[in-house]
Amino acid sequence: MKIRVRGGEATAIAADVVIVPMATGEEDGRDVRALARRIGGSVLKRAIAAARFRGREGQANVLPLQGPRRQAMGVVGLGDEARLDHEGWRRAGGQSRHLAGAVSAARVVVACGTRAVDPTQLAAFVEGFELAAYRFGKYKSDGEAAPLAVTDLTFVVAEPPAETSLESLWRSIDATLDGVRLARDLVNEPAAVKTPTYLAGLAKKLGKEAGLEVEVWEPKRIAKENLAGLVAVARGSNEEPRFVQLRYRAKDATRRVALVGKGITFDSGGLSLKPAKSMETMKCDMAGAAAVLGAMIAIGRLKPPVDVDAFIPISENLPGGKAQKPGDVIRFRNDKTVEVLNTDAEGRLILADALMLAADTKPDAIIDLATLTGACMVALGTQVAGLFANDQALADRLLAVAVETGEPLWQMPLVAEYKDDIKSAVADLKNIGGGHAGSITAALFLQEFVGTTPWVHLDIAGPAFLEKGLAYAPKGGSGFGVRTLVRYVMTLQG
Ligand code: BES
Ligand code: MN
Ligand code: ZN
């Protein structure tokens, strides 16, 4: 898709649709009057009124009239101008993509009128526009195909910035969005296909292509390194586990970030079997791994001035003759022992291994992403991820980045007193809490394995897999976290 930003008259450009983004109370504004003149009289104004378009966020209408070059005309709501942020532009971009799809437009003009728009707002619009077109269509033999491809997206603004300054912006959006699409594809892929072996193989191939160092540990090495959690969880499955490390190295970097992602390709619960209904979406239990992989591929292309290491433990969690059993005790590589009382609390077991390895490399920060607890979904719903941190400065930075990327995070407390809930009678720790605050006790468990390294844990159980579509994400895998991770790394000072 070719993206252009130009000045002049929006309706003078050959296009299939001209979309006018409008805030509330703007239907009769200067821009509309100017556009209306070109279309003829107050036709446009009347059409907007007839559609009951009020500029509210989420509103989008195709108008029953054509521009002077036979373009379809559409309006998209921006909501209250005073509260319009980048996420508002992103959503408007998503609505615009749906609108373009509805009229099968390949060439789209966005008429920004006299509104002052800066490149970061256009970038947000483009993100929403591109991500809204995502479909996981490979298993669909009919219907619901991807909307017609848009070949040209042209913004018409009052004062167009230099074309050269925008090129690098589009390139960086492109790399990031490829990461999001990869994460969505991997989450949506059935577990029968995306086995640990498959995921590791793909990580190797894509990582190499993006210029990353890739190391994949197979069962022998996993046992030798005493990744006890991964070994224990994988025992119930016929599929071998994998442990994947990806490394991005910058020139003269003075800072290093470690990313960790939970990669359970299917979570049946193990012997502590889940009910059928709860299992329906459990192919999504590798969404943390997918987000980390997507972000790493983008980072390899974008080349920030900081080193980034990724640690991705991958396994199925199934019941089987060799499966770990409630009551079993695991001894981890730091000699901590854990009593496994519920095999469905498997994420924290494989993450413990990965967090210890991450901490061993002495990074400035560890960020882990995991579809860790149903309890976090109960607390924060399906659109917000829980953030836990042992370092408030790191937490604040991620919270700020997430506001910019529109991937909502909400900080949850690591209540030290609740550590009592994960004390075991026979081992140092047990892998479940006392029944309350399940997302907190899970995070407290992870904290036991990061030492004093600044660390943030994102429980993405809610937003990783959407039960219904949003403005720029259809239902299914959302790719949640990729954009926040990339932006966090890109805005770090080397
Ligand atoms: N993968 C699940 C958490 C999950 C639930 C993710 C719903 C996405 C949607 C995790 O492994 C799990 O089963 N957690 C248990 C923990 C419990 C046994 C302490 C849970 O949340 O019930
Ligand atoms: Mn589980
Ligand atoms: Zn799980």
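Use the structure listed above.
Before going into details, it helps to say that this report is about the structure given with it. Here the structure is a predicted model, which is why all the values come from computation and not from measurement. (Residues numbered from 1 in each chain as written. Chains lettered and ligands numbered in written order. Predicted model: local features only at pLDDT ≥ 70, side-chain atom pairs only at ≥ 80, totals over all residues. Heavy atoms only, no water.)

**Details of the site of ligand 1**
Selection rule: Near residues are defined by distance, with any heavy atom within 4 Å of the molecule or strand qualifying the residue. The definition of a polar contact used here is a pair of N or O atoms within 3.5 Å, where within protein one atom must be able to donate a hydrogen and the other to accept one, and adjacent residues in sequence count solely through side-chain atom pairs. Shrake-Rupley sampling with a 1.4 Å probe provides the accessible areas, and residues are treated as covered by the protein chains on show and by no other component. Whether a set of points on the 1 Å grid over the protein atoms alone is a cavity depends on a 1.4 Å probe fitting there but being unable to get out, while an open set qualifies as a pocket with protein on both sides within 12 Å along at least five of seven lines; lining residues are those with an atom within 4 Å of a point. Occupancy of a cavity or pocket is assigned to a molecule whenever over half of its atoms lie within 2 Å of that pocket's grid points. Asp, Glu, Lys and Arg are counted as charged, while Ala, Val, Leu, Ile, Met, Phe, Trp, Tyr, Cys and Pro are counted as nonpolar; the rest, among them Gly, fall into the polar class.
Neighbouring residues of ligand 1: 16 residues in total, closest Asp267, Lys274, Asp285, Asp344 and Gly374. Measuring from an oxygen atom of ligand 1, one finds a side-chain N or O atom of aspartate 267 at 2.9 Å. Contacts to ligand 1 include lysine 274, whose side-chain N or O atom sits 2.8 Å from an oxygen atom. Expressed as a share of its isolated accessible area of 520 Å², the protein-covered part of ligand 1 is 79%. Here ligand 1 occupies the largest pocket. Along the lines of polarity and charge, the residues of the shell around ligand 1 split into five nonpolar, four polar and seven charged.

**Describing the coordination of the zinc ion (ligand 3)**
Heads up, the condition is: Note that water is not among the atoms considered, so a metal site may appear incomplete; the donors listed are N, O and S atoms within 2.8 Å of the metal, with 3.2 Å applied to Na, K and Ca. Irregular is the default label, applied whenever a site is not tetrahedral (four donors, all angles between 85 and 135 degrees) and neither square planar nor octahedral (four or six donors, opposite donors over 155 degrees apart, all other angles between 65 and 115). In DSSP terms, a helix is any run of H or I states spanning at least four residues, a strand is any run of E spanning at least two, and both are numbered starting from the N terminus.
Distances from the zinc ion (ligand 3) to its protein donors, namely Lys262 (NZ), Asp267 (OD), Asp285 (OD) and Glu346 (OE), fall within the range 2.0 to 2.4 Å. For the zinc ion (ligand 3), the six donor atoms are set out with angles of 79 to 175° between them, so the coordination reads as octahedral. In primary sequence terms, the donor set of the zinc ion (ligand 3) follows K-x4-D-x17-D-x60-E. Between the zinc ion (ligand 3) and the manganese ion (ligand 2) the interatomic distance amounts to 3.1 Å, and aspartate 267 serves as a bridging ligand to the pair. Of the two residues, lysine 262 is situated in the loop between strand S9 (256–261) and strand S10 (263–267) and glutamate 346 in the loop between strand S13 (337–340) and helix H11 (347–360); the sequence distance between them amounts to 84 residues.

**Considering empty space enclosed by the protein**
Basically, it comes down to this: Grid points are joined across faces, edges and corners, and a volume is the space filled by probe spheres set on the points.
Inspection of every chain in the model, using the stated rule, returns two cavities of 30 Å³ or more. Taken as a whole, the largest cavity spans an internal volume of roughly 70 Å³. Leu186, Leu199, Ala200, Ala203, Val244, Met286, Ala289, Ala290, Leu293, Ile312 and Ile314 are the residues that line the largest cavity. A class-by-class count of the residues in the lining of the second largest cavity yields five nonpolar, five polar and no charged.

**Some details on the side chain of aspartate 267**
Where we set the bar: The rule is simple: take the accessible area with a 1.4 Å probe, protein chains only, and divide by the maximum for that residue type; under 20% is buried, over 50% is exposed, in between is partly exposed. Here, residues are in contact when the closest pair of their heavy atoms is within 4.5 Å.
Looking at where aspartate 267 falls in the secondary structure, it is placed in strand S10. Judged by its relative accessible area of 3%, aspartate 267 is buried. Reaching out from aspartate 267, the side chain makes a polar contact with the backbone nitrogen of glycine 269 at a distance of 2.9 Å. Within the structure, the side chain of aspartate 267 is placed 2.8 Å from the side chain of asparagine 317, a separation counted as a polar contact. When near neighbours in sequence (up to four residues on either side) are disregarded, aspartate 267 contacts Lys274, Met279, Met282, Asp285, Asn317, Asp344 and Glu346.

**Some thoughts on helix H15 (residues 482–490)**
The buried count for H15 comes to seven of nine residues, which makes it a mostly enclosed element. For H15, every residue scored as buried is listed here: Val482, Arg483, Thr484, Leu485, Val486, Tyr488 and Val489.

**A closer look at unusual backbone geometry**
With phi around 50°, serine 104 is a residue other than glycine that occupies positive phi space. Mapped onto the secondary structure, serine 104 falls in the loop between helix H3 (86–102) and strand S5 (107–111). Here the phi dihedral of alanine 437 falls at roughly 50°; this positive angle occurs in a residue that is not glycine. For alanine 437, the location among the structural elements is in the loop between strand S17 (429–430) and helix H14 (438–447). The class of alanine 437 is partly exposed, set by a relative accessible area of 32%.

**Observations concerning the sheet that holds strand S1 (residues 2–6)**
Note the following rule: Any two strands between which DSSP finds at least two bridges are classified as paired. The axes are straight lines fitted to the C-alpha atoms, using for helices just the contacting stretch, and the angles between their N-to-C directions are given from 0 to 180°.
The sheet built from six strands is open, its strands ordered S1-S6-S5-S2-S4-S3 with mixed pairing. Each of the sheet's edge strands pairs with one partner strand only, and the pair in question is S1 and strand S3 (60–66). Adjacent strand axes in the sheet meet at a mean angle of 20° when their direction is disregarded. Sheet analysis places strand S2 (residues 17–23) next to strand S4 (residues 72–79), joined by seven bridges and oriented parallel. Bridging across to S4, methionine 22 finds its partner in glycine 77. The sheet strands contacting helix H2 (residues 43–50) are S2, S3 and S4, and the helix crosses S3 at an angle near 140°.

**What about the layout of surface pockets?**
In this approach a probe as big as a water molecule rolls over the atoms, and the regions it shows empty are the leftover space. Considering only enclosed or pocket space, the largest pocket measures out at about 720 Å³ in volume. Only H11, helix H12 (374–380) and H14 provide two or more residues apiece to the lining of the largest pocket. For the lining of the largest pocket, the element with the most residues is H12, which contributes three residues. Considering only residue class, the lining of the largest pocket consists of 10 nonpolar, 14 polar and eight charged.

**With respect to the coordination of the manganese ion (ligand 2)**
Distances from the manganese ion (ligand 2) to its protein donors, Asp267 (OD), Asp344 (O), Asp344 (OD) and Glu346 (OE), fall within 2.1 to 2.2 Å. Classification of the site at the manganese ion (ligand 2) rests on its six donor atoms, whose angles at the metal span 71 to 171°, yielding the label irregular. Considered as a linear motif, the donors of the manganese ion (ligand 2) on their single chain read D-x76-D-x1-E. According to the relative accessible area criterion, aspartate 344 is partly exposed, its value standing at 22%.

**Here we look at the pattern of salt bridges**
Counted only if it meets this: Every case where a carboxyl oxygen of Asp or Glu lies within 4 Å of a side-chain nitrogen of Lys or Arg is listed as a salt bridge.
Considering all chains together, one arrives at 32 salt bridges under this definition. As a salt-bridge pair, arginine 91 and glutamate 87 come within 3.0 Å of each other at their nearest N and O atoms. With arginine 91 and glutamate 87 both in helix H3 and four residues apart, the pair spans about one turn of that helix. When its relative accessible area of 31% is taken as the criterion, arginine 91 is described as partly exposed. The network of salt bridges with shared partners includes Glu57, Glu87, Arg90, Arg91, Glu127, Glu407 and Arg483.

**A word on the sheet that holds S17**
Strand pairs in the sheet, formed through backbone hydrogen bonds, run parallel or antiparallel to each other. Spatial strand order, S12-S13-S17: three strands in an open sheet with mixed pairing. Edge positions in the sheet fall to strand S12 (328–331) and S17, since each has one partner strand and no second. Both S12 and S13 contribute to a ladder of four bridges, which runs antiparallel. Bridge pairing links isoleucine 330 to valine 338 in S13.

**With respect to the environment of alanine 105**
Relative to the helices and strands, alanine 105 resides in the loop between H3 and S5. Residues alanine 105 and alanine 72, 33 residues apart in the sequence, show an inter-C-alpha distance of 8.5 Å. Those residues in contact with alanine 105 that sit more than four places away from it in its chain are Asp16, Val17, Ala100, Leu148, Ala149 and Val150.

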